[in-house]
Amino acid sequence: VGNAEYLALAAGAANTIAVSVLAIAIGTPLGLGLALIRWSQVRGLDGIVATLVSLLRATPAVTLVLLVYFALPTVGLEIPRFAAGVATLALGSMAYNCEIWRAALLAFPRDQLDAARAFGMPRGLRFRLVILPQIARAALPALVNEMTLLIKVSPAVAVIGVTEATRAAVRIGAATYDPIPPFLIALAIYVVVIGAFVATQRVLERRHREGAFA
Amino acid sequence: MIPHGIEVLWEQRDAMLSGFLTTLVIAAVAAVCAGLLGLMLFALLISRVRAVALALAWLIDLMRCVPFMLFCYLIYYGLPSFGIVIGNLMAGIIALTVYNAAYIAELLRGGYVALPREGIEAGHAFGFHGWRLLLRIILPPVLLASIPMLGNQMVQIIKDSAFLVIIAVQELTFTANEIQATYYVPFASFVCAMLLYWALCLMVEAGVRVVLTMAEARR
């Protein structure tokens, strides 16, 4: 593995991180939005969201990325590979995060809401000041766990030609006829990236637990 | 355009069905093998041989940081470097089995850790040791508690199997992609594949519910 190869792998790693972080940044709030629709039991929408989430959760990322990349142009929407990759991962993340947010919302103590309502707090303020901080804290471990899962399916975007870490490693292996070293480097990249998320989760959980006992 | 896509898919229904059955068989075989291998790894994880248990726990943690697609490539392109030559279908099944066995061993360990110690100590007191202790005393409650998680892992295996398209295993996504490329009906073919994956996952979920009610009834 020479310098050029290291550079290609580094570029791949940067793409992996960029695709994942963008998808997380888009998918997490969208998931919260869907969870709120289900939580407030908007008539009609509730069932549609539940069905969509169930379908998306059952769909492999590879299949979804192929659909997004090849089907959107047939309805006149040409999007670049990278954007198609981000959109796909964000859709999956949205579906999983919806369930996580919903679980946190369902576990939210009802009496706090009643109290806030009794004090005449408007709906938006109630959500922002009372609900969100608490459900965010409760959902955090599951959200971080979901982020690591997203990074692990992110190589799916290689299928439509986005050169992320895995695809970069495959190309180097094919060019040098020695696949093991680039694969091991790619593996190390994932271990570092995912390890960083898991370590953050551990720290946050510990802080949370200490906070609960304090 | 969409009616045309459905028409094409209807003409290609045999190909689609064969892709679906391939996915079904691969997932089923990998699930059984991963379950058995996962059980063995779990037995080693909780064994008294500390060095083995620690090394294995470390390996499993490592595996949980590896994307399945990378692992799949590693098996497919890596094994020949060690003189082991296998076909793409075999490589895919091995990759699915080993990868998910690590997750299954870990989720069983989670169930074991949450188990009350009294039952196991009682088993010891009644003279259960080694394999008999594992099979008769430890495994039944651990498996019972792990049923929903094992169902989730089964869904994961089904979804992971789509990654085998990269090593040209002719499963559902591969078939959908071939039909899409030949007849230019991406929307219909991939949505059809998605619906079939969905059906599989819903069947697993229903199966989990049935097993749970059966377990509840026998308790």
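Note that this is a predicted model, so its numbers are computed, not measured.

Rules of the game
Residues numbered from 1 in each chain as written. Chains lettered and ligands numbered in written order. Predicted model: local features only at pLDDT ≥ 70, side-chain atom pairs only at ≥ 80, totals over all residues. Heavy atoms only, no water. Helix = DSSP H or I, 4+ residues; strand = E, 2+ residues; numbered from the N terminus. Areas by Shrake-Rupley, 256 points an atom, 1.4 Å probe, with all protein chains shown as cover. Lys, Arg positive; Asp, Glu negative; His and termini not counted. Charge placed at Lys NZ, Arg CZ, Asp CG, Glu CD. Core = buried A, V, L, I, M, F, W, Y, C linked by side-chain atoms within 4.5 Å. Buried < 20%, exposed > 50% of the residue type's maximum accessible area, 1.4 Å probe, protein only. Contact = heavy atoms within 4.5 Å. Salt bridge = Lys/Arg side-chain N within 4 Å of Asp/Glu carboxyl O. Buried area = accessible area lost by both parts, 1.4 Å probe. Polar contact = N/O pair within 3.5 Å; in protein donor to acceptor, adjacent residues only side chain to side chain. Nonpolar A, V, L, I, M, F, W, Y, C, P; charged D, E, K, R; others polar. Patch = residues over 30% accessible without salt bridge, like charges linked within 9 Å, V, L, I, M, F, W, Y side chains within 5 Å. Phe/Tyr/Trp six-rings, centres within 6.5 Å; stacked < 30°, edge-to-face > 60°. Lys NZ or Arg CZ within 6 Å of the ring centre and 35° of its normal.

A.B. asks: Please explain the overall build of chain A as it appears in this structure.
C.D. replies: A tally of helices and strands in chain A yields eight helices and zero strands. Traced from its N-terminal end to its C-terminal end, chain A shows the element sequence α-α-α-α-α-α-α-α. The principal-axis extents of the C-alpha atoms in chain A amount to approximately 70 × 50 × 25 Å. Accessible surface, chain A: about 10,400 Å² in total, of which carbon and sulfur atoms supply 65%. Each charge class in chain A was averaged separately, 18 positive and 11 negative side chains, and the resulting centres sit 7 Å apart.

A.B. asks: Got a minute to help me understand the nonpolar core in this structure?
C.D. replies: If you look at soluble globular proteins, the nonpolar side chains tend to sit buried side by side. Counting residues in hydrophobic clusters, the biggest one holds 136 residues, and the most contacted among them are Ile135(A), Phe42(B), Phe68(B), Ile138(B) and Leu164(B). Among the elements that take part in this core, helix H5 (residues 88-113) of chain B stands out by supplying 13 residues, more than any other. Non-local contacts of Ile138(B), meaning those with residues more than four positions away in its chain, are made with Phe42(B), Ile46(B), Tyr112(B), Leu115(B), Ile120(B) and Leu133(B).

A.B. asks: What should I look at first to understand the pattern of salt bridges in this one?
C.D. replies: If you walk through the whole model with that rule in mind, you get five salt bridges over all chains. The salt bridge partner of Arg117(A) is Asp114(A), with a shortest N-O separation of 3.4 Å. Taken as a pair, Arg117(A) and Asp114(A) lie in helix H5 (residues 110-118) at a separation of three residues, close to a single helical turn. For Asp114(A), a relative accessible area of 41% gives the class partly exposed. In this structure, Arg109(B) engages Glu106(B) in a salt bridge whose closest nitrogen and oxygen atoms are separated by 3.1 Å. Taken together, the residues Arg109(B) and Glu106(B), both in helix H5 and three residues apart, mark about one turn of the helix. The exposure class of Arg109(B) is partly exposed, given its relative accessible area of 30%.

A.B. asks: Please clarify how unusual backbone geometry should be interpreted in this entry.
C.D. replies: Only a minority of non-glycine residues have a phi that is not negative, and only a minority of peptide bonds are not trans. Residues and elements named next belong to chain B. Even without a glycine there, the phi angle at alanine 168 is positive, about 60°. Position of alanine 168 among the secondary structure elements: in the loop between helix H7 (130-161) and helix H8 (172-183). In this structure alanine 168 comes out as partly exposed when scored by relative accessible area, which is 37%.

A.B. asks: Please clarify how the side chain of Ser93(A) should be interpreted in this entry.
C.D. replies: Within the secondary structure, Ser93(A) is located in helix H4 (residues 81-106). For Ser93(A), the residues in contact, after removing those within four places along its chain, are Ala23(A), Gly27(A), Thr28(A), Glu146(A) and Leu150(A).

A.B. asks: What exactly am I supposed to notice about the interface of chain A and chain B here?
C.D. replies: Where the parts come together, the accessible area they lose is often given as the size of the interface. Counting residues at the interface gives 32 residues for chain A, matched by 37 residues for chain B. Regarding the contact of chain A and chain B, the summed buried area is about 3,100 Å², with carbon and sulfur atoms giving 81% of it. Contact with chain B buries area across many residues of chain A, yet Thr74(A), Lys152(A) and Phe183(A) alone supply 18% of it, more than any other trio. Inspection of the region where chain A meets chain B yields zero salt bridges. Linking chain A with chain B are six residue pairs in polar contact (both at pLDDT 80 or more). Where the side of chain A that touches chain B is concerned, the elements lending two or more residues are helix H2 (45-58), helix H3 (61-71), helix H6 (123-153), helix H7 (165-176) and helix H8 (180-213) of chain A. Considered class by class, the residues forming the side of chain A that touches chain B number 24 nonpolar, six polar and two charged.

A.B. asks: When you look at a nonpolar patch on the surface in this model, what are you seeing that I'm missing?
C.D. replies: All names here are of chain A. A grouping of Leu22, Ile26 and Leu30 is seen on the molecular surface, where their side chains present a nonpolar patch of about 240 Å² in accessible area. Positionally, isoleucine 26 belongs in helix H1 (residues 3-39). Residue class for isoleucine 26 comes out partly exposed when judged on its relative accessible area of 40%.

A.B. asks: So what exactly am I meant to see when it comes to the packing of aromatic side chains here?
C.D. replies: Geometrically, a pair of aromatic rings is defined through the distance of the ring centres and the angle of the planes. If you walk through the whole model with that rule in mind, you get ten aromatic pairs over all chains. Ring geometry for Phe183(A) versus Tyr77(B): centroids 6.5 Å apart, planes at 25°, classification stacked. Within this pair, whereas Phe183(A) is found in helix H8, its partner Tyr77(B) is found in helix H4 (residues 68-78), the two belonging to separate chains. In this structure Phe183(A) comes out as buried when scored by relative accessible area, which is 1%. Overall, Tyr77(B) belongs to the partly exposed group, its relative accessible area being 36%. When the centroid spacing of 5.8 Å and the interplanar angle of 40° are considered together, the rings of Phe71(B) and Tyr99(B) count as tilted. Here Phe71(B), found in helix H4, pairs with Tyr99(B), found in helix H5; they are 28 residues apart in sequence, far enough to count as distant. Through a chain of ring-to-ring contacts, three or more aromatic side chains come together here, namely Phe68(B), Phe71(B), Tyr99(B), Tyr103(B) and Phe163(B). Positioned above the aromatic ring of Tyr112(B) is the side chain of Arg117(B), whose terminal nitrogen or guanidinium carbon lies 4.7 Å from the ring centre.

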